[in-house]
Amino acid sequence: MNKLYYIICVLFLLSFSTAFSQTEKNVAKEFSVKVQVVNSETHQPIKNARVEVNGRVFYYSNIKGNYTVKAKAGDQLIVSHSGFETIFYTIKDDEDIKVQVEGFEPKKKSKYSPYSSSKRVSLYPQYLDSVRFYKKKDIDKSLSFIEKMLLDDLSKNRLATTYKELADVYFYWNQYDLAIENYQTSLLQVNNPAVRLQLARTAYLAKNYSDSEQNYKTTLKGKLNNYQQLTAYQGLGDVYMIQKNFDQAKSNYQKALEIAKANLITPKITDLNSKLAEVYAAQGNAQKADGYYQNSLRLASEENKKRSLKEQQKVADFYNQSQRYDEEIQLRKESLKEAEDIPVEAENNESLADSITSQKINYKIGNAYMQKAEYKEAIPYLKKSIEDADKNEDLIIQKDATKRLSEVYENVGDYTKALKTYQDYVTLVDTLYSRKEQEIQQVKRFSKRILDNQNRIASLEKDKELSESKISLAYKDQQLIQESNKRQQWVIYSLVAGFLLMILLVYFMFRTNKQQRLANNLLALKSMRSQMNPHFIFNALNSVNSFIAVSDERSANRYLSEFSVLMRAVLENSDEDFIPLTKEIELLELYVKLEHNRFKDKFDYSIRIDKSIPLDEYSIPPMLLQPYIENAIWHGLRYKKEKGNLNISMTYKDSDAIQILIEDDGVGRQQSMEMKTKNQLKQKSKGMSTIKKRIAILNDMYQDKITVTVSDAFEDGTGTKVELILKRN
């Protein structure tokens, strides 16, 4: 028994290790890549470039002499700088990457005068670093460095970067209208997809959802890396979600999730599972929402405690909305243990209201117990929430928890405590109101100060534009000369354009004539087919008439029955230029059979077709062979005294053509003409002349597809041989 147990354990461990190793192979591992960004002409390193992978920015290391990037196979590397165009590169493995930049011209110091050298040295990079350093610490200092940057002689790329950084400062301090204005100014200089994405996000936060949607869609039309594409789809999903367009929100979140999974962007996979859960919850599909929330919980727990804690609160809120209070309480109690280990932080511009704190979790546990009508269980959690909120100066939670505790005391019948707690609640409301008034006044003063700074920056830009306009006046004469040259160029271009138009006109006239000629040919063919059908019907009815004349009613009926089948097939094909050769053979067999029934004593016939011929690959004009067979019977074999023979055969001529032979041993063409004259036929046959015209037109349209040769079958002038060469389709 012990031995069997040991074997089972070993097998289990082996299978687990195999599965784990296979899973590990399927997951792309992150590795370090050394990235060098150098000037292609001087081979000097460029130290102040922006090197980015999946939204993470990596900076130059003076010690290592390169940018050390953390990435996975398939990630997209973005190298940007105000002095050159953005470069995109897909990382394949952990080999070093060397990015050579063309056309990069760093500011050079003068060799002659130290005074001129100090004037020519640009402090733009230092100002830019200072703006980024003070952005989240001191808005006034950030804006002062922006002013200094704008006073410099900036290229288009640097001007775009300056306004983008100014917009980033306003964005961090929640001044969304000013941020939008400066992002738009940056985009007027350089159309950067990263800036447009940030503009779309800012418009969303400013509740301008139509502009946000439009900017996200515009971004998706351009060239994006995987992370930017994911961000755009996620942003669109947020816009549709807040507008309650749940189907569109779901579609865009799923597109973003596919990109995140394909590129193993784990934080985004967690976020998107959570967002999809919110969509399904809003649609009332609790089962689907629960599945996605469980995924987000599992993924968040693998990231860090803070991310896991936030996701737990989202899921707990979902349980509360679904009235699953027991599950909510259990999850919040687990969160409470984790929240005690995480200090309240103010980084990343996270307010106390947005952070996950013990007072907030205790309040929500107490609230859940109250919704379950378990009031005694709610009391300790609400008290703890009030205590922690007072300690952490969280007046909002303290106020809400105090009000809820008053309601709990009222429900359990302890009206003294309920009154006392309600009085505390009123005091907190008054305190909170006073504090809010102070905050509003501070916000107003802060906004006014920022607006003054923005106006000063705008006036600087206007002054700079005025100075530039004065300089531009010096170049007016040169511009006038250039405009004169341009007018001369326009005259030349106009002449060239006129010549091209003449060529086009000639071409269209040629094409129109060709089309008219084709239309005329088609009309002529239709007219000839309309002549052939009455001619054929007239001859066939003569045959019926001959049966009736000799009182052979049965033969006439049989002939009419078979004739009707033949006529239906002939009429069905009457509008076609070409029909499959197989159909023409069927018509010929039926026609020859009808004629043989009438003239059994005049001829025998045989139809031989080479079985190796792929008949489906050949087509032929309808009623092309019938007139030749009709002539053979009516003008050759019918006038022969003894019984004659009609032979029809189809054989290969070469690989692309077949030979069709119609041979009879009748009286011959010359004797037939003489006999016609003697019998003084009332109507001259037009069948053969019409056939010749049809063949001529078809060969003109389809490049000599058909060749017909008519000759005497024998040297004495008797018999007739018709040889028709038909090319493959």
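What counts, and where the lines are drawn
- Residues numbered from 1 in each chain as written.
- Predicted model: local features only at pLDDT ≥ 70, side-chain atom pairs only at ≥ 80, totals over all residues.
- Heavy atoms only, no water.
- Helix = DSSP H or I, 4+ residues; strand = E, 2+ residues; numbered from the N terminus.
- Buried < 20%, exposed > 50% of the residue type's maximum accessible area, 1.4 Å probe, protein only.
- Contact = heavy atoms within 4.5 Å.
- Areas by Shrake-Rupley, 256 points an atom, 1.4 Å probe, with all protein chains shown as cover.
- Patch = residues over 30% accessible without salt bridge, like charges linked within 9 Å, V, L, I, M, F, W, Y side chains within 5 Å.
- Salt bridge = Lys/Arg side-chain N within 4 Å of Asp/Glu carboxyl O.
- Lys, Arg positive; Asp, Glu negative; His and termini not counted.
- Charge placed at Lys NZ, Arg CZ, Asp CG, Glu CD.
- Core = buried A, V, L, I, M, F, W, Y, C linked by side-chain atoms within 4.5 Å.
- Pairing = 2+ DSSP bridges.
- Axes fitted to C-alpha atoms, helices over the stretch in contact; angles between N-to-C directions.
- Parallel < 35°, antiparallel > 145°, perpendicular 65-115°, else oblique.
- Left-handed = near helix turned anticlockwise from the far one by under 90°.
- Nonpolar A, V, L, I, M, F, W, Y, C, P; charged D, E, K, R; others polar.
- Phe/Tyr/Trp six-rings, centres within 6.5 Å; stacked < 30°, edge-to-face > 60°.
- pLDDT = per-residue confidence, 0-100.
- Polar contact = N/O pair within 3.5 Å; in protein donor to acceptor, adjacent residues only side chain to side chain.

> I'm lost on the overall build of the chain in this one. Help?
A tally of helices and strands in the chain yields 24 helices and 15 strands. Here the chain, with 729 residues, has 40% of them falling under the buried criterion. Considering only contacts in the chain between residues 6 or more positions apart, those separated by 24 or more positions represent 63%. When the accessible surface of the chain is totalled, it reaches about 43,100 Å², and 52% of it is carbon and sulfur.

> Quick question: what am I supposed to make of a negative patch on the surface here?
The grouping of Asp-93, Asp-94, Glu-95 and Asp-96 at the surface amounts to a negative patch. Within the secondary structure layout, Glu-95 lies in the loop between strand 7 (84–90) and strand 8 (97–101).

> Help me out: how do you make sense of the nonpolar core in this one?
Side chains that are nonpolar tend, in soluble globular proteins, to be buried together. Judged by nonpolar contacts, the single largest core of 39 residues is most densely connected at Leu-581, Ile-620, Leu-625, Ile-629, Leu-646 and Leu-726. If you list the elements that add at least two residues to this core, you get helix 20 (553–572), helix 21 (581–598), helix 22 (626–637), strand 12 (644–654), strand 13 (657–664), helix 24 (687–702) and strand 15 (720–727). The element contributing the most residues to this core is helix 21, with seven residues. The residues contacting Leu-646, other than those within four sequence positions of it, are Val-592, Phe-603, Asp-604, Tyr-605, Ser-606, Ile-629, Ala-632, Ile-633, Leu-637, Ile-662, Glu-663 and Asp-664. If you look at the next biggest cluster of nonpolar residues, it comprises 35 residues, including Ala-200, Tyr-209, Val-279 and Ala-316.

> What is the right way to read the pairing of strand 2 (residues 50–53) from this model?
Every other side chain in a regular strand lies on the same face of the sheet, so the side chains alternate between the two faces. Here four bridges tie strand 2 to strand 6 (residues 76–81), and the two strands are oriented antiparallel to one another. Within strand 6, the residue paired with Val-53 across the bridge is Leu-77. Two elements, strand 2 and strand 3 (residues 56–58), share three bridges in a ladder whose sense is antiparallel. If you follow Glu-52 over to strand 3, its bridge partner there is Val-57.

> Can you walk me through the packing of helix 3 (residues 124–134) against helix 5 (residues 156–172) in this structure?
Angle between the axes and distance between the axes: these two values describe a pair of packed helices. One way to put it is that helix 3 packs onto helix 5 with a least axis distance of 10 Å and a crossing angle of 15 degrees. Regarding the angle of helix 3 to helix 5, the classification is roughly parallel. As for how helix 3 packs across helix 5, the hand of that crossing is left-handed. On helix 5, the residues that touch Tyr-124, Pro-125, Leu-128, Val-131 and Arg-132 of helix 3 are Arg-158, Thr-161, Thr-162, Glu-165 and Val-169. A breakdown of the residues in the contact of helix 3 with helix 5 according to their chemical character gives five nonpolar, two polar and three charged.

> It is not clear to me how the sheet that holds strand 10 (residues 603–609) should be interpreted in this structure. Could you clarify?
Hydrogen bonding along the main chain pairs the strands of a sheet, whether they run parallel or antiparallel. In spatial order, the strands read 10-12-13-15-14; together these five strands make up an open sheet with mixed pairing. Of all the strands in the sheet, just strand 10 and strand 14 (706–712) have a single pairing partner and so form its edges. Here the average twist between neighbouring strands, direction ignored, is 15 degrees. Inspection of the sheet shows strand 10 paired to strand 12 by seven bridges, in the parallel sense. Counted as the bridge partner of Phe-603 is Gly-644 from strand 12. Across the sheet, helix 22 lies against strand 10, strand 12, strand 13, strand 14 and strand 15, angled at about 150 degrees from strand 12, the strand it touches most.

> Before we go on, may I ask you to explain the pattern of salt bridges in this structure?
Any two side chains of opposite charge can pair, given that their charged atoms come close. Overall, the coordinates contain 29 salt bridges when judged by the stated rule. Here Glu-52 ties to Arg-50 by a salt bridge, and the two come within 3.7 Å at their closest N and O atoms. Given the relative accessible area of 15%, Glu-52 is considered buried. Of the charged contacts, one joins Lys-640 and Asp-665 as a salt bridge, the two residues approaching to 3.4 Å between their closest N and O atoms. Of this pair, Lys-640 sits in the loop between helix 22 and strand 12 while Asp-665 sits in the loop between strand 13 and helix 23 (669–679); the two residues are 25 residues apart in sequence, bridging distant segments of the chain. Counted as one network, the salt bridges with shared partners bring together Arg-132, Lys-164, Glu-165 and Asp-168.

> I'm lost on the packing of aromatic side chains in this one. Help?
By convention here, two paired aromatic rings are described through the distance between centres and the angle between planes. Summed over the entire model, instances satisfying the criterion amount to 15 aromatic pairs. Relative to Tyr-67, the ring of Tyr-60 has its centre 5.3 Å away and its plane inclined at 70 degrees; by these criteria the two rings are edge-to-face. Just as Tyr-60 is buried, Tyr-67 falls in that class too. Chaining the aromatic ring pairs together yields one cluster made of Tyr-127, Phe-133, Tyr-134 and Phe-145.

> Would you mind going over the sheet that holds strand 8 with me for this structure?
One open sheet holds the four strands; their spatial order is 4-5-1-8, and the pairing between them is mixed. Since the sheet does not close on itself, it has two edges, and those belong to strand 4 (60–61) and strand 8, each with one partner. Pairing between strand 1 (residues 31–39) and strand 8: five bridges, direction parallel. Along strand 8, the bridge assignment pairs Asn-39 with Val-101.

> I'm lost on a nonpolar patch on the surface in this one. Help?
Together, Trp-490, Ile-492, Tyr-493, Val-496, Phe-499, Leu-500 and Ile-503 line one region of the surface with nonpolar side chains, adding up to about 790 Å² of accessible area. Following the sequence through the fold, Ile-503 ends up in helix 19 (residues 476–549).

> Can you help me understand the confidence of the model for the chain in this one?
When pLDDT is low, close inspection of the predicted coordinates is not appropriate. Per-residue confidence for the chain averages 78 on the pLDDT scale, and 80% of its residues sit at or above 70. Within the model, pLDDT remains below 50 along residues 1–27, and this stretch shows two contacts once partners closer than five positions in the same chain are excluded. Of the regions scoring below 50 in pLDDT, residues 109–120 engages in five contacts with residues more than four places distant in sequence or in other chains.

> I keep staring at the side chain of Ser-212 and nothing clicks. Help me out?
Following the sequence through the fold, Ser-212 ends up in helix 8 (residues 209–221). With relative accessibility at 0%, the residue Ser-212 sits in the buried group. Looking at Ser-212, its side chain comes within polar contact range of the main-chain oxygen of Ala-200, at 2.8 Å. Sequence-distant contacts of Ser-212, that is, excluding residues within four places in its chain, are made with Ala-200, Ala-203, Tyr-204 and Val-239.

> What should I look at first to understand the environment of Val-35 in this one?
Along the chain, Val-35 turns up in strand 1. Val-35 gets classed as buried once you look at its relative accessible area, which sits at 1%. Along the backbone, Val-35 and Asn-66 are 31 residues apart, and their C-alpha atoms lie at a distance of 5.8 Å. Apart from residues no more than four positions distant in its own chain, Val-35 is found in contact with Asn-66, Tyr-67, Val-69, Leu-77, Ile-97 and Val-99.

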